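Structural overview for review
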Amino acid sequence: MAHYTNHAIEFQDTADASATILGSLSQVSTPIESDVQYSETSGTYYPEHVSVAAVMPKFSASSFDIKKCIDYFGVVGKMIEEDTGKVGTAIYQAYYNDAAISAGATHRRLRMAKAFVKLGTISVGHRSDAQVGLEGTGLYDETNAPVLIEASQSLPTLPASSGRWTIASVSIGGIAVNCNLSLDIDFGISETAFGCDSNTFDTMLNLSSVQPKVTFTSLDIEGFADAKVPLLGLAGTHANTIIKLRKRAHGTAGFVADGTAEHITLTADGVLLATEAHSASGNQQAQASFEMHCKWDGTNAP
């Protein structure tokens, strides 16, 4: 029996001059959610009818290519629609011939002619490499089903690795929180796909809110202090809040030089709160946890 594995995801909207190929994938999932309705009626405890009221294809993926994802999808996500010669969104399934990837047009892809795709969370731990999560929702474009199963496909050429990034530093409101162990940047995008006239597929999508949140743990117990992060929180702005991910040097230990324009810097506006002032087991080192709730400053995205 044939078996398949991850390869790449291709994105190309009607407005895109060229396709964006996302590689460096660590996980891909394509759940097909369904709303199945049935009920018991008089005279029997068996359902007499089963109705598939809705079918809602989605996908999720994780990639180490942080920069490409941030550049393409931004803070609010992106609606991606197909056009002539432009795939929309295509998840490639690489066909394995025993221990090697098969050559030629022997592969499959799951293609969404219309899909909303957003960033989920950028996550990174001490000494580990940051990954970004993507989430996509397929929609009916009045012609194509929300997901199309396409066989006999050739695989796109995988892009060269853009590198790996890890935690560098966190400074909120001009106050440095030192010795960080983990960092999660949740883009907080909430959307609702919907339809009408009892159609099986959703045709529209409403973006209801974007509420980013930055969560990190630190060995800097003294970060929870009146002069740093007080009980009522610390205000930060884009001008004085910097979260840095530093890029690892390729093929050797260490990092790309600080002055090199290859690191990732994020700024934010909001309030930082201590969510756990002390957490430790036995004689182990204590940790503190902090959470920044981001807001719009009237000009910049949160």
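This section reports on the structure supplied with the text. (Residues numbered from 1 in each chain as written. Predicted model: local features only at pLDDT ≥ 70, side-chain atom pairs only at ≥ 80, totals over all residues. Heavy atoms only, no water.)

This part covers the nonpolar core. Ranked by size, the top nonpolar core spans 45 residues in total, and within it Phe11, Phe73, Leu183 and Leu272 carry the most contacts. For this core, the leading source of residues is strand β12 (residues 114-125), giving six residues. Those residues in contact with phenylalanine 11 that sit more than four places away from it in its chain are Ala19, Thr20, Leu22, Phe59, Tyr72, Phe73, Ile80, Gly88, Thr89, Val117 and Leu134. (Core = buried A, V, L, I, M, F, W, Y, C linked by side-chain atoms within 4.5 Å. Buried < 20%, exposed > 50% of the residue type's maximum accessible area, 1.4 Å probe, protein only. Helix = DSSP H or I, 4+ residues; strand = E, 2+ residues; numbered from the N terminus. Contact = heavy atoms within 4.5 Å.)

Turning to the side chain of lysine 86, a few remarks are in order. Secondary-structure assignment places lysine 86 in the loop between β8 (78-81) and β9 (88-97). We note that lysine 86 is buried and unpaired, the nearest opposite charge coming from aspartate 83 at a distance of 5.2 Å. Here the side chain of lysine 86 touches threonine 14 through a polar contact of 2.8 Å, landing on its backbone oxygen. Each residue touching lysine 86, except ones within four places of it in the same chain, is listed here: Gln12, Asp13, Thr14 and Asp16. (Lys, Arg positive; Asp, Glu negative; His and termini not counted. Salt bridge = Lys/Arg side-chain N within 4 Å of Asp/Glu carboxyl O. Polar contact = N/O pair within 3.5 Å; in protein donor to acceptor, adjacent residues only side chain to side chain.)

A few words on a nonpolar patch on the surface. A cluster of nonpolar side chains, namely Val36, Tyr38, Val50 and Val52, defines an oily patch on the protein surface of about 380 Å² accessible area. Here tyrosine 38 lies in the loop between β4 (32-37) and β5 (40-41). (Patch = residues over 30% accessible without salt bridge, like charges linked within 9 Å, V, L, I, M, F, W, Y side chains within 5 Å. Areas by Shrake-Rupley, 256 points an atom, 1.4 Å probe, with all protein chains shown as cover.)

Attention shifts here to the sheet that holds strand β16 (residues 175-177). Sheet architecture is open: four strands sit in the order β16-β15-β22-β23, paired in antiparallel fashion. With partners counted over all chains shown, the strands left at the sheet margins are β16 and β23 (264-266), one partner each. Between one strand axis and the next, the sheet turns by 25 degrees as a mean value, whatever way the strands run. Note: strand β22 (residues 242-247) against β23, three bridges, orientation antiparallel. In the strand pairing of β23, isoleucine 243 is matched with leucine 266. (Pairing = 2+ DSSP bridges. Axes fitted to C-alpha atoms, helices over the stretch in contact; angles between N-to-C directions.)

In this section: helix α1 (residues 66-73). Of all the residues in α1, the buried ones are Ile66, Cys69, Tyr72 and Phe73. Considered in projection along α1, the buried side chains sweep an arc of 150 degrees and stay on one side of the axis. Just past α1, the residue glycine 74 takes up positive phi, approximately 65 degrees. (Arc of directions from axis to C-beta.)

As a further point, take the pairing of strand β6 (residues 44-47). By the bridge criterion, two bridges tie β5 to β6 in an arrangement that is antiparallel. The residue of β6 that forms the bridge with glutamate 40 is proline 47. The turn linking β5 back onto β6 is made up of two residues, and glycine 43 within it adopts a positive phi angle of 90 degrees.

With that settled, consider the packing of aromatic side chains. Summed over the entire model, instances satisfying the criterion amount to seven aromatic pairs. With a centroid separation of 6.0 Å and 35 degrees between ring planes, the pair formed by phenylalanine 11 and tyrosine 72 is classed as tilted. Placement of phenylalanine 11 in strand β1 (residues 3-12) and of tyrosine 72 in helix α1 is noted, with a sequence separation of 61 residues between them. Each member of the pair, phenylalanine 11 as well as tyrosine 72, is classed as buried. Summarising the aromatic geometry, the rings of tyrosine 140 and phenylalanine 201 are spaced 5.8 Å apart at their centres and angled 50 degrees between planes, so their arrangement reads as tilted. Of this pair, tyrosine 140 sits in the loop between β13 (131-138) and β14 (148-153) while phenylalanine 201 sits in the loop between β18 (189-194) and β19 (204-210), and the two are 61 residues apart along the sequence. Among the aromatic residues, those joined into a cluster by ring pairs are Phe11, Tyr72 and Phe73. Lying over the aromatic face of phenylalanine 64, arginine 164 brings its terminal NZ or CZ to 4.2 Å of the ring centre. (Phe/Tyr/Trp six-rings, centres within 6.5 Å; stacked < 30°, edge-to-face > 60°. Lys NZ or Arg CZ within 6 Å of the ring centre and 35° of its normal.)

On to the pattern of salt bridges, then. Tallied over the full model, the rule gives 13 salt bridges. Aspartate 71 is the salt-bridge partner of lysine 67, the closest N and O atoms lying 2.7 Å from each other. Pair noted here: lysine 67 and aspartate 71 are both in helix α1, with a separation of four residues, about one helical turn. Judged by its relative accessible area of 46%, lysine 67 is partly exposed. As a salt-bridge pair, glutamate 82 and arginine 111 come within 2.6 Å of each other at their nearest N and O atoms.

Time to look at unusual backbone geometry. In this structure, serine 24 takes a positive phi of about 50 degrees despite not being glycine. By the element assignment, serine 24 lies in the loop between β2 (20-22) and β3 (25-29). Here serine 24 falls in the partly exposed class, since its relative accessible area comes to 25%.

Its location among the elements puts leucine 181 in strand β17 (residues 180-186). Through-space distance from the C-alpha of leucine 181 to that of leucine 273 is 17 Å; in sequence the pair is 92 residues apart. Here leucine 181 is in contact with Gly125, His126, Ile167, Thr217, Ser218, Leu219 and Gln287, once residues within four sequence places are set aside.

Any functional reading would require information beyond the geometric quantities listed.
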